[in-house]
Amino acid sequence: MKSFATLLSAAIAVMPFVTADFIPAGSAAHFFSSQNTSLVFAPSAAASGADLQAALAEDGSSSDITALIVTAGTGVPGQISYGGLCISANGVVPESSNQVLYVADCDPEDAAQIWTVNETPATVSNADGNCISLGRPARGVPVILDVCNDVLLPHEIWNPKVVA
Ligand SMILES: *[C@@H]1O[C@H](CO)[C@@H](O)[C@H](O)[C@H]1NC(C)=O
């Protein structure tokens, strides 16, 4: 029987080490989960306080709540928004009962709304070293904040694609 360590290293070896598409500043993008490429992260409603959840990507039109604007573009800290709402980590604590991300009215002064869309690996991180993460890849599952690290990385890979 293989040891747990052997199985773990095999799992890491087959994990795709993804480089994200470059997203220009101000473009809307779908952030596809590497765990299930049909799923993206999106607000559950166009309302301040709505949780972020795993959703099926929609059509990319201006009413597509799953197409999120990357204000500063890949590699540059900025907001991720839809209709004046921004993804917020304010009050969100990894691995606590308040770990679910949500959207709040965009406020450029709020450091908790600042994210970096990274190219390699294709994570979305904040200045605290935390990443946007999805535990179980299924529609409607809450999207959480978790520590960016190698063990959790398979849950933290999102491939952004600019919407047409
Ligand atoms: C991806 O997620 C969707 C929505 O939850 C589900 O219908 C589909 O079966 C999943 N695909 C895979 C390959 O698991």
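Keep in mind it's a predicted model, so treat the numbers as computed, not measured.

Colleague: Summarise the pairing of strand 6 (residues 85-88); cite the residues concerned and give the values.
Modeller: Neither face of strand 6 is left uncovered, since the one carrying Leu85 and Ile87 and the one carrying Cys86 and Ser88 both have all their residues buried. Relative to strand 6, strand 5 (residues 80-82) is paired through 2 bridges, and the arrangement is antiparallel. Looking at the pairing, Ser81 lines up with Cys86 of strand 6. The turn joining strand 5 and strand 6, which pair antiparallel and follow one another in sequence, is formed by 2 residues; a positive phi near 55° is taken by Gly83.

Colleague: Can you break down the environment of Glu156 residue by residue, with the values?
Modeller: Note on placement: Glu156 falls in the loop between strand 11 (144-147) and strand 12 (158-162). Look at Glu156 and you get buried, because its relative accessible area is 1%. Along the sequence, Glu156 and Ile144 sit 12 residues apart, while their C-alpha atoms lie 9.8 Å from each other. Setting aside residues up to four positions removed in sequence, Glu156 forms contacts with Ala122, Thr123, Val124, Cys131, Ile132, Ser133, Asp146, Val147, Cys148 and Asn149.

Colleague: So what's going on with the packing of aromatic side chains? Which residues, and what values?
Modeller: If you walk through the whole model with that rule in mind, you get 2 aromatic pairs. Look at Phe31 and Phe41: their rings are 4.8 Å apart centre to centre, the planes differ by 20°, and that puts the pair in the stacked class. Note that Phe31 is positioned in strand 1 (residues 27-33) and Phe41 in strand 2 (residues 39-43), a separation of 10 residues in sequence. The same class applies to Phe31 and to Phe41, which are both buried. Within the aromatic cluster, the residues linked to one another by ring pairs are Phe31, Phe41 and Trp158.

Definitions and limits used
- Residues numbered from 1 in each chain as written.
- Predicted model: local features only at pLDDT ≥ 70, side-chain atom pairs only at ≥ 80, totals over all residues.
- Heavy atoms only, no water.
- Buried < 20%, exposed > 50% of the residue type's maximum accessible area, 1.4 Å probe, protein only.
- Helix = DSSP H or I, 4+ residues; strand = E, 2+ residues; numbered from the N terminus.
- Pairing = 2+ DSSP bridges.
- Contact = heavy atoms within 4.5 Å.
- Phe/Tyr/Trp six-rings, centres within 6.5 Å; stacked < 30°, edge-to-face > 60°.

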